Every structure is written in C-alpha cells, then in structure tokens.
Amino acid sequence: MKKFLKMLLPVLLTLPFTGEAQNRIEITARLVESDKTLFIQQDIYFKNNSNDTLTQLYFNDWAHSFSSKQSKLGRRFAENYDRRFHLADDYARGASKINTIIGERFSNLSFRRLEDAEDVLEINLLEPLLPGQTTRVKLNYNIRIPDAKFTGYGALDNGDFNLKYWFIAPAVYDGEWHYYSNKNLDDLYMAPTDFSIDFSFKKNYRFINELEQTSATVNEESSFKTVHLEGSSRNNTTIYLRQISEFQITETDDLTVVTNITDDKVIAEREALIIDKISHFLVEELGEYPFKQLVISNIDYAENPVYGLNQLPDFLSPFPEDFKYELKILKTAIDNFVDRTLFVNPRDDRWIADGLKMYTMMKYMDHFYPNLKVVGTLNRYWIARQFHLADLEFNEQYNLLYMHMARMNLDQPLTTPSDSLIKFNKNIANAYKAASGINYLSEYLSDAIIEESLDEFYLENKLKLTSSKTFEAILRSKTDKDLDWFFEDFVNSRKIIDYKFNEVKREGDSIKIEIKNKTESQMPIPVYGMNKDKIISKTWVDGFEKEKNINIAGDSIDRVVINAEGFVPEYNRRNNYKKVNPFLGVNKPFQFKLLQDLEDPSKNQVFFMPVFEYNFYDGLKLGAKMYNKTLLSKAFNYRIEPQYGFKSDKLTGSAGFTYTQNVNEGNLYAIRYGISGSLSSYAPDALYKSYSPFITFGFRTSDFRSDKRQFLTVSNINVYRDESDVITNDDPNYSVFNVRYTNSNPGVINALTYNTDFQLAQKFSKFSVTAKYRKVFLNNRQFDLRLFGGIFLYNDTRSQGDYFSFALDRPTDYLFRYNYYGRSESSGIFSQQLVLAEGGFKSKLDTPFGNEWLTTINTSTTIWNFIHGYADIGLVKNQGDPARFLYDSGIRTVLVEDYFELFFPVYSSNGWEIGQPNYDQKIRFIVTLDLRTMLSLFTRKWY
C-alpha cells in the first residue's frame with residue numbers, strides 16, 4: 001500500500017487542483033541584482049468559479065507597464081506633470097519578456113498583449129474551461145526591474161529593492177473580465193489566491209515579506225539564499241530586499257507588525273507602545289487579522305498620507321513628534337489591514353473600502369483624542385485662538401477637504417473609477433467624502449445601525465470577492481427609512497446639499513419655519529432650535545423639493561439653525577442662520593479679522609491683510625486689503641485694496657467684485673460676473689484709472705482629469721489717463737469693447753493653447769489670433785512654436801502715434817493687462833522686461849510697431865539642458881509702407897519656464913548684436929513675482 005501511495009503522489013501533484021475553491025500561484029524566482037532582473041518560472045492554477053465556459057484567460061502583467069513612454073502608465077505620469085518617466089532611458093524604465101506559456105499536457109498556448117493595454121495578456125486555451133474546472137498555465141518570463149524613482153517601487157540607487165506587482169496575476173472573472181492597465185494607483189484587482197513562492201537572491205540581503213516564511217537555504221557555492229513562502233487567500237505580495245534592513249518587528253498580543261516607518265525623535269519603547277495600541281484597536285474594531293504579519297512601509301504611507309497640518313515641517317508643526325508618528329502608523333496600518341482582507345474592485349468600487357478606512361480612523365481619534373483640535377498645540381496660544389480654524393475639531397478637517405473640491409466645482413461621484421479621478425479627489429477628497437457620508441448616516445439612522453452594518457459587511461465578506469452593493473443590501477435590511485437619497489444622490493452623483501430659511505416667525509408657543517431646498521437633491525437635514533450657542537431642540541427633516549414648512553417648540557429659542565453641528569456635508573452653511581426677532585434684519589454678527597481664516601458660517605466675516613507691491617513710478621506701494629475670501633471658495637467675493645506709493649506720494653489701489661455661478665451638468669461649468677478697477681501710475685507723475693465690467697464663460701470636457709479648458713470673456717475696458725510729459729496723450733481717455741476666446745490644453749509633454757481677440761473702440765477695431773505649441777520629445781529635446789496674426793479692421797489713431805498699434809517686441813498694454821514694472825520706459829532695466837504677447841520678438845528693431853497688420857512666428861528649441869536657441873520671423877505692415885520682413889535669433893536660458901527666463905540676442909535684422917555697443921541693454925528677461933501665479937506650478941498636478 002505504501003509503495004502504491006509513493007507511486008501515486010507524483011501523479012497527483014501534476015494534476016490540476018480541481019478541488020481548490022480559489023486560484024493558486026506557484027513561483028520560482030531568482031533576482032540577479034547586478035542586472036536588476038528577475039527570472040521567473042510561474043504556475044497558475046485558475047479556477048473558473050463562474051457559470052460561463054471560458055476560452056481565453058486574461059492576466060495582469062503590470063511589470064510591463066513601464067516598457068513604453070506611450071503606455072497608459074507613461075501617459076499618466078505626463079498627465080500629472082511628471083517628466084521623469086518620459087526622460088528616462090529604456091533600461092531605467094524596465095519591462096517584462098515572456099519566453100514561453102504552456103498549458104495542460106505541456107502544449108504551447110498562443111497569447112497576445114492587448115492593443116489598448118500592453119500590460120494585460122490574453123491567453124487562448126486549447127480546450128474550453130467549464131464552470132467549476134481548474135486549468136494550469138505555466139509561464140516562463142524575465143522582468144527588468146524599473147528604477148524606484150518613478151513609483152517608489154523597483155530598484156533603489158543604493159542597491160536595495162522594493163518589489164510590488166512583480167509577478168503576473170490572473171484577472172478576475174465574475175461574468176465579465178476585470179482587467180485594466182497599471183496607472184500607479186495601487187489598485188491591482190485579484191481574487192483570493194493561495195501562494196507558494198521560492199525566491200532566490202544574494203545572501204547578503206535581508207528579505208521582508210508578509211507571507212509565512214517556512215524555510216530558508218543558502219547555496220554557499222553561488223552565495224544565493226532561497227526562501228520558501230506560503231500564503232492563503234492573498235491578493236498581492238510585496239517584497240523588500242535590504243542590504244542593511246531598517247525594518248523593525250513589533251510583537252503585539254494581536255499580530256506581528258513589521259515596519260520601517262520610524263521617527264528618530266520618538267524613542268523605540270514609545271514606538272512599540274503606539275504600534276501595540278493601534279493593533280489592539282484595529283482588532284477590536286475590525287476583528288482578528290487573519291494573517292500572522294502586517295507589513296507597513298514608509299512607501300505605503302507616502303502613497304496615502306494623512307493630509308493636513310500634521311504634514312508641516314517640524315518647526316511649524318502644531319503636533320508633537322510621537323503623535324505624528326502615531327498618525328502615520330494608524331493611517332498605514334488601517335489601509336493595509338483593510339486592503340489585505342476586503343476584496344472589492346479597487347478601481348471601480350473603492351468608495352466603500354475608503355469609507356471604512358477613514359471612518360475607522362475617525363473613530364480612533366474620537367476614542368483616544370476626543371478634544372483634539374486641527375491646530376493641535378497651537379491652540380494654547382492666544383493669537384491662534386483668534387482664528388476660527390482653531391475651533392475646528394481634528395475629524396472635521398475631512399469634511400472640509402471634500403468641501404474644498406465641491407466649492408471649486410471639481411468634486412466627482414464616489415462611484416467614479418479611480419483612474420478617472422482628479423489627483424486631489426483620488427488621494428484626499430473622495431475618501432473623506434465617503435467617511436463623511438457614513439458619519440452622516442450614523443447621525444440620521446443611529447450609531448448602532450451603522451456599526452452593526454459595517455461589522456456584518458466586513459466580517460461576513462472578509463477574504464472574499466465583494467462589492468459596495470453588498471453593504472447597501474445589509475444597510476437597507478437594518479432600517480425602514482428610505483436610503484435612495486444616499487446611494488443615488490450622495491454616492492452616485494455630484495448633487496450637492498444646500499438648504500436655507502425662507503421665513504421664521506413665532507406663532508404662540510411654537511416657531512413656524514419655511515425651509516427652501518436650493519438644489520435638486522433631496523437629502524435629510526437637521527434643524528436646531530438654539531439659545532445663543534446652546535442647542536435646545538433638534539428636528540430631522542426628510543428631503544423635499546422646493547419649500548417645506550415645519551413647526552418646532554419655541555420655548556427659550558432665540559434663533560434657528562440648519563445643520564448646526566456641521567456633520568451634514570452641506571455646500572453652503574452661511575445661509576443656515578435665522579434669528580427669531582432679528583435687530584434691523586441682521587441674523588449674524590459681523591466679524592472683522594486680520595488675515596484670512598476658515599469660513600465661520602455663524603458670522604459675517606471681513607478680513608484685512610497688509611499688501612506690498614512695486615512699480616517703477618510709484619515705488620514701494622504699501623496698503624491694506626479688505627476682502628471676504630476664506631480658505632473655501634465662495635460664490636461672491638470682493639476685494640478693496642487701497643495703497644500708498646512712497647515714490648509718487650500718491651494714493652493708488654484696486655478693487656474687484658465677482659460672482660461665480662457653478663454649473664454642475666454639461667461642458668459649461670462656470671459663469672463669472674464681475675467688475676474690477678485699478679488706480680496706479682503709468683508714467684512719472686501720471687496716473688491711470690480703469691474699470692472693467694466683464695462676464696466669463698468657462699467650459700471643460702466630461703473628463704475631469706483633462707486640463708483642457710475653454711473660456712469666453714466679454715468685457716468693456718474703460719481707461720482714464722492723466723496728461724504726461726513722457727507719453728503723448730492726444731486721446732488719453734478711451735473705452736474698448738473686448739471679446740476674447742481662449743482654448744487651452746496644457747501638458748508637460750504636449751501643450752497647445754490658442755486664443756482669438758476682438759477689440760472695438762471709437763477710433764479703431766482690431767482682430768488677432770495667437771497659438772502656442774510646446775512638445776517635449778523622447779530624447780528630452782523641447783520645441784516651442786508660437787504664431788501670431790493681427791489686423792486692424794479700421795484705424796483712425798495713426799496720426800497720434802503707435803499707442804494702439806500692434807507691437808513687435810513690447811506691447812504698449814493700453815488695456816493694462818500685463819504686469820509691467822515700468823510700462824512707459826524706453827531705456828534702462830525696466831524697458832528690457834519681456835512680455836510674450838503680440839509679435840513676441842526679443843530684439844528691439846527699427847520697425848517696432850505695425851498700424852495695419854502684423855504676423856510673426858516665434859520658435860525655440862533645446863541646445864543643452866536649460867539652454868535653448870530661439871528664432872523669430874515676421875512681417876510688419878504700416879500704412880503707406882510696403883510690408884517689411886524682420887527676424888531675430890539668440891540664446892534663451894530657461895530657469896523656470898514662463899516665469900524666470902533670460903534672452904540673449906545674437907543675430908537679427910540689426911546684424912550681429914553681440915558685437916554692437918551697449919549689448920547689456922539688449923538682453924531681455926521674463927520675471928514673475930506674483931505668488932499666486934507661481935503657486936500654480938505646484939498645484940496644477942492636484943487639480
């Protein structure tokens with residue numbers, strides 16, 4: 001009998017695992033660190049758990065997503081304004097190479113890479129795979145490991161390795177195939193899979209991995225070490241190889257935590273206590289962790305940090321070091337705990353997992369730090385307590401960051417696939433919205449119902465394929481209340497919540513209230529009766545259309561408030577306050593504050609801020625700005641900014657009033673109405689005054705990630721100028737009607753912007769077109785092309801000079817659009833300031849203006865690194881003269897593109913400019929000192 005079993009055992013081991021309930025992967029891998037290459041032999045036992053018969057299988061080969069700069073991963077980097085991948089050589093990017101794919105009975109299987117997803121393999125089976133059957137696929141392939149600088153995973157400069165998505169993984173089939181390309185979103189979707197791995201590497205490395213290591217052997221001859229790993233019901237396995245390991249192991253009563261998240265300012269004993277505290281909390285809240293080890297790395301935290309004031313540099317941070325360390329461990333431990341045990345589709349259905357993670361984190365903060373403010377220890381200082389931000393509870397910041405995107409009209413439904421989310425929404429706002437929604441439900445239904453539903457959903461679906469629909473079914477079974485508003489409006493749409501009072505009046509012992517719903521959503525809202533800051537009553541009002549009347553008891557109530565506690569993520573809470581007997585119709589007190597603050601919906605806020613500006617004629621301008629803009633965007637904004645010019649000894653300044661109407665549906669997303677005005681010196685002892693009413697229509701595509709925008713602005717610019725000895729003012733006052741259309745599609749690799757401009761005034765009318773194109777080639781060479789063409793429809797200003805003419809190199813800026821520091825200078829350093837408008841030439845030529853038409857071409861290309869060569873050509877036409885051909889060329893040094901640049905003329909229509917006198921006065925420069933403009937360089941990748 002024993003002999004028979006010995007003979008049977010090898011046969012059984014070669015048969016498919018038809019009795020297995022899930023997939024199994026067996027890997028033999030060897031890392032050659034000198035070549036940064038993995039050699040892999042892999043057996044995949046794929047179980048057809050569906051009711052369909054399969055003839056093809058699909059596999060995720062995400063290591064191959066690095067193979068091309070034109071891959072979906074490469075394009076994703078470009079969309080995020082990251083050039084590193086585009087500029088890297090082939091060896092640094094990495095790729096996979098399939099040697100053989102063998103099926104049952106050792107037959108070769110045909111396969112291909114999908115055209116629209118080069119990192120997805122389609123394998124054709126020789127025989128159909130029936131429901132319930134398992135087939136084995138043997139793969140032999142090599143992986144050239146990419147540089148870790150792209151994603152944090154790959155080969156590090158010091159010879160260490162972080163390996164994630166390093167093996168070929170079967171896609172999920174549940175009636176349809178779920179496969180997609182790697183886009184650096186950490187969202188590979190795998191069914192629960194059993195792993196058996198033999199991984200070989202140089203013995204001088206330390207091996208860190210979350211699977212159970214059952215054995216380790218060393219081949220002294222080759223100096224290779226081989227570890228054997230086993231794991232069941234897994235959805236990924238990440239490997240860290242270290243020559244000197246920074247990972248620390250902390251044994252707790254609940255599980256073993258392995259991490260390299262450390263803080264030199266926190267002692268090791270304190271770190272261990274924090275890890276133990278968090279582990280115990282997670283097991284209490286989420287149940288026992290089904291695996292022995294939880295590995296959390298600093299890369300995990302870097303991908304999904306806790307955004308907020310805790311990320312400030314140490315010298316500014318309002319939190320102690322051990323608390324910041326605790327937040328890091330907490331956030332990363334929750335993320336990995338849930339991701340390794342709750343198998344939802346992370347690309348198409350991640351909101352429920354995100355909501356569970358953030359809701360668990362909020363419960364932790366409420367349990368251990370119930371009184372913590374978002375400003376932390378700064379709250380002990382009197383000056384910090386003067387800001388409403390200091391009143392914000394730590395957990396309230398999550399609702400605030402979601403509302404930040406809603407106010408900008410950039411919020412997206414929670415059901416939006418993660419690869420279609422704006423970066424800010426993917427990393428921050430949508431997870432916070434999901435948690436805010438669960439908290440909203442807990443207030444509306446009860447904490448008990450939400451806790452019971454989440455526990456049942458998590459515990460019954462742990463280590464199984466599941467979805468948010470399962471949670472929805474569980475929650476609906478716990479209550480008789482209608483929850484369509486939550487799943488249809490809050491989760492699956494961009495609909496916002498906004499209620500206001502129409503009328504409040506006392507009738508006997510009660511108060512009659514008429515509430516208006518300002519939106520299309522019908523979500524429940526609480527109404528409070530209050531006496532000063534004390535809550536007397538709370539009444540839930542179910543969602544409704546338009547208006548609704550309710551009555552509440554009026555004893556001791558002096559005002560009523562909608563959503564007083566703020567747990568409903570409401571779009572605008574400033575219209576939520578109404579006094580029962582308001583004095584002079586004022587329902588909220590006015591609050592005057594120095595410096596910008598967080599919005600306080602219970603106050604009418606007015607802010608003041610000192611301002612400093614400079615131009616050559618006024619000198620240093622010192623003033624104060626009075627405004628109402630808060631940290632959250634709002635529809636109506638005003639700014640009044642009086643200033644004093646110390647050089648001109650004159651009062652200057654500006655003011656602006658705007659109202660933005662956001663549009664939630666369609667390509668038209670915003671309409672902005674406004675009027676702005678300014679008073680400043682435009683020449684020595686000469687002021688100009690201007691004011692301009694305008695309306696702007698903003699358009700975007702249905703893809704929110706696209707930066708493509710279109711704007712149509714209609715304005716009327718009115719200018720009044722003092723007489724000047726420097727500038728001829730035959731017609732100092734004028735009014736110009738302007739229609740301007742801009743189509744912008746910026747990008748770090750390809751960028752195209754064009755605009756048309758029509759101007760109509762009493763004495764002239766003109767039309768112009770400008771187009772700018774920028775291309776960065778695969779060899780890192782950049783090419784810039786700009787085209788300009790402008791023509792006068794009629795011009796009765798020629799006898800008065802060229803003030804309204806097209807300019808070849810330095811526009812007169814009669815509409816006062818450009819930030820000239822010395823706009824009327826014809827010599828000196830300020831005359832050398834370059835504004836790339838109209839002709840765009842850099843050299844000053846003897847025909848600087850065109851009073852009939854002007855057309856130019858401006859080009860630039862890379863010579864070396866930040867040094868570019870430029871060339872401009874153009875035709876200038878003046879009345880009575882033939883069209884004149886002009887050109888210039890030179891060297892352009894790009895320090896910060898479009899913000900800090902220098903131009904050195906070399907050869908032009910003037911001849912060799914380098915050898916001519918006063919060459920230093922021919923050098924031109926672009927300098928941008930506007931902080932808001934500079935800030936856009938750093939924020940553009942987030943929005």
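This is a predicted model, so every value here is computed, not measured.

So, the sheet that holds strand β5 (residues 111-114)
Here is step 1: Overall, antiparallel pairing links the four strands, which are arranged β5-β6-β3-β10 in an open sheet. Of all the strands in the sheet, the pair left with one neighbour each is β5 and β10 (169-170).
Here is step 2: Relative to β10, strand β3 (residues 54-60) runs antiparallel, the two being bridged by two bridges. Bridging from a neighbouring strand, asparagine 60 pairs with alanine 169 of β10.

Brief notes about the pairing of strand β31 (residues 636-645)
Here is step 1: Bridge analysis of strand β30 (residues 619-627) against β31 gives five bridges, and the strand direction is antiparallel. Along β31, the bridge assignment pairs methionine 626 with isoleucine 640.
Here is step 2: Sheet analysis places β31 next to strand β32 (residues 650-662), joined by ten bridges and oriented antiparallel. When the bridges of β32 are listed, glutamate 641 appears paired with serine 654.

Some words on the sheet that holds strand β15 (residues 212-219)
Here is step 1: Spatially, β4-β7-β2-β1-β13-β16-β15 is the arrangement adopted by the seven strands of the open sheet, whose pairing is mixed. The sheet is open, and its two borders are formed by β4 (95-102) and β15, each paired with just one other strand. The average angle at which neighbouring strand axes cross in this sheet is 15°, direction not considered.

Focus: the pattern of salt bridges
Two side chains that carry opposite charge are able to pair once their charged atoms sit near each other.
Here is step 1: Taken as a whole, this structure holds 54 salt bridges when the rule is applied.
Here is step 2: We note a salt bridge from aspartate 498 to lysine 518, for which the minimum N-O separation is 3.9 Å. Of the two residues, aspartate 498 is situated in the loop between α14 (484-491) and β21 (499-507) and lysine 518 in the loop between β22 (510-517) and β23 (525-531); the sequence distance between them amounts to 20 residues.
Here is step 3: Given the relative accessible area of 45%, lysine 518 is considered partly exposed.
Here is step 4: Between aspartate 600 and lysine 603 there is a salt bridge whose closest N-O contact spans 3.7 Å.
Here is step 5: Lysine 603 gets classed as partly exposed once you look at its relative accessible area, which sits at 26%.
Here is step 6: One network of salt bridges, with partners in common, ties together Lys183, Asp187, Arg347 and Asp419.

What to know about the packing of helix α5 (residues 268-286) against helix α7 (residues 321-339)
Here is step 1: α7 packs onto α5 with a crossing angle of 40° between their chain directions and a minimal axis gap of 10 Å. Note that α5 runs across α7; the crossing there is right-handed. Residues Arg270, Glu271, Ile274, Ile275, Lys277, Ile278, Leu282 and Leu286 of α5 touch α7, and the partners they reach there are Asp322, Tyr325, Glu326, Ile329, Leu330, Ala333, Ile334, Phe337 and Val338.

Some thoughts on unusual backbone geometry
Here is step 1: Even without being a glycine, lysine 36 presents a positive backbone phi close to 55°.
Here is step 2: Inspection of the secondary structure puts lysine 36 in the loop between β1 (23-32) and β2 (37-47).
Here is step 3: Lysine 36 sits in the partly exposed class, given a relative accessible area of 28%.

Focus on a nonpolar patch on the surface
Here is step 1: A contiguous nonpolar surface patch, about 880 Å² in accessible area, is contributed by Phe583, Leu584, Val586, Phe590, Phe592, Leu594, Leu595 and Phe608.
Here is step 2: For leucine 594, the location among the structural elements is in strand β28 (residues 590-594).
Here is step 3: The exposure class assigned to leucine 594 is exposed, which follows from its relative accessible area of 56%.

Considering the pairing of β15
Here is step 1: By the bridge criterion, seven bridges tie β15 to strand β16 (residues 224-234) in an arrangement that is antiparallel. Paired with glutamine 213 across the strands is leucine 229, a residue of β16.
Here is step 2: Adjacent in sequence and paired antiparallel, β15 and β16 are bridged by four residues, among which serine 223 carries a positive phi angle near 65°.

Here's the deal with the nonpolar core
Here is step 1: Trp351, Leu475, Ile513 and Ile515 are the most contacted members of the largest nonpolar core, which totals 100 residues.
Here is step 2: Apart from residues no more than four positions distant in its own chain, isoleucine 513 is found in contact with Phe501, Glu503, Val504, Val527, Lys548, Asn549, Ile550, Ile552 and Val560.
Here is step 3: Listed in part, the 57 residues of the second largest apolar core include Ile98, Trp166, Phe207 and Val227.

Considerations on the side chain of lysine 462
Here is step 1: Note that lysine 462 resides in the loop between α12 (447-461) and α13 (468-477).
Here is step 2: Leave out the neighbours within four places in its chain, and lysine 462 touches Leu286, Gly287, Glu288 and Thr341.

A closer look at the side chain of aspartate 82
Here is step 1: With respect to the helices and strands, aspartate 82 occurs in the loop between α2 (72-79) and α3 (84-87).
Here is step 2: Here aspartate 82 falls in the buried class, since its relative accessible area comes to 15%.
Here is step 3: Residues in contact with aspartate 82, not counting those within four places in the same chain, are Phe77 and Val748.

Some words on the packing of helix α8 (residues 351-368) against helix α11 (residues 423-444)
Here is step 1: Direction vectors running N to C along α8 and α11 enclose 70°, while the axes themselves pass 7 Å from each other. Between α8 and α11, the angle is such that the two are roughly perpendicular. The two elements α8 and α11 cross, and the hand of that crossing is right-handed. Of the residues in α11, those touching α8 at Trp351, Asp354, Gly355, Leu356, Met358, Tyr359 and Met362 are Ala431, Tyr432, Ala434, Ala435, Ile438, Asn439 and Ser442.
Here is step 2: When grouped by side-chain class, the residues that make up the contact of α8 with α11 number ten nonpolar, three polar and one charged.

Here we look at empty space enclosed by the protein
Here is step 1: Within this structure, the stated rule accounts for eight cavities of 30 Å³ or more.
Here is step 2: Looking at the largest cavity, its volume works out to about 640 Å³.
Here is step 3: Along the wall of the largest cavity there are 39 residues; nearest its centre are Asp186, Asp335, Asp339, Arg350 and Lys357.
Here is step 4: Those elements giving two or more residues to the lining of the largest cavity turn out to be α6 (298-303), α7, α8 and α11.
Here is step 5: Every residue lining the second largest cavity is counted, 20 residues in all, and those nearest its centre are Phe66, Thr151, Tyr153, Lys164 and Tyr165.

As for the environment of asparagine 80
Here is step 1: Looking at the secondary structure, you find asparagine 80 in the loop between α2 and α3.
Here is step 2: When its relative accessible area of 18% is taken as the criterion, asparagine 80 is described as buried.
Here is step 3: A sequence separation of 784 residues divides asparagine 80 from tryptophan 864, and the C-alpha atoms of the two residues are 25 Å apart.

Comments concerning α13
Here is step 1: Of the positions making up α13, those classed as buried are Ser468, Phe471, Glu472, Ile474 and Leu475. Seen end-on, α13 carries its buried residues on one side only, within an arc spanning 165°. Projecting away from the buried face of α13 at angles above 90 degrees are the exposed residues Lys469 and Ser477.
Here is step 2: If you follow the buried residues of α13, they end up packed against α8, α11, α12 and α14.

Rules and cut-offs
- Residues numbered from 1 in each chain as written.
- Predicted model: local features only at pLDDT ≥ 70, side-chain atom pairs only at ≥ 80, totals over all residues.
- Heavy atoms only, no water.
- Pairing = 2+ DSSP bridges.
- Helix = DSSP H or I, 4+ residues; strand = E, 2+ residues; numbered from the N terminus.
- Axes fitted to C-alpha atoms, helices over the stretch in contact; angles between N-to-C directions.
- Salt bridge = Lys/Arg side-chain N within 4 Å of Asp/Glu carboxyl O.
- Buried < 20%, exposed > 50% of the residue type's maximum accessible area, 1.4 Å probe, protein only.
- Left-handed = near helix turned anticlockwise from the far one by under 90°.
- Contact = heavy atoms within 4.5 Å.
- Patch = residues over 30% accessible without salt bridge, like charges linked within 9 Å, V, L, I, M, F, W, Y side chains within 5 Å.
- Areas by Shrake-Rupley, 256 points an atom, 1.4 Å probe, with all protein chains shown as cover.
- Core = buried A, V, L, I, M, F, W, Y, C linked by side-chain atoms within 4.5 Å.
- Parallel < 35°, antiparallel > 145°, perpendicular 65-115°, else oblique.
- Nonpolar A, V, L, I, M, F, W, Y, C, P; charged D, E, K, R; others polar.
- 1 Å grid on protein atoms, 1.4 Å probe; cavity = no way out; pocket = protein on both sides within 12 Å on 5 of 7 lines; lining within 4 Å.
- Points joined across faces, edges and corners; volume = space filled by probe spheres on them.
- Arc of directions from axis to C-beta.

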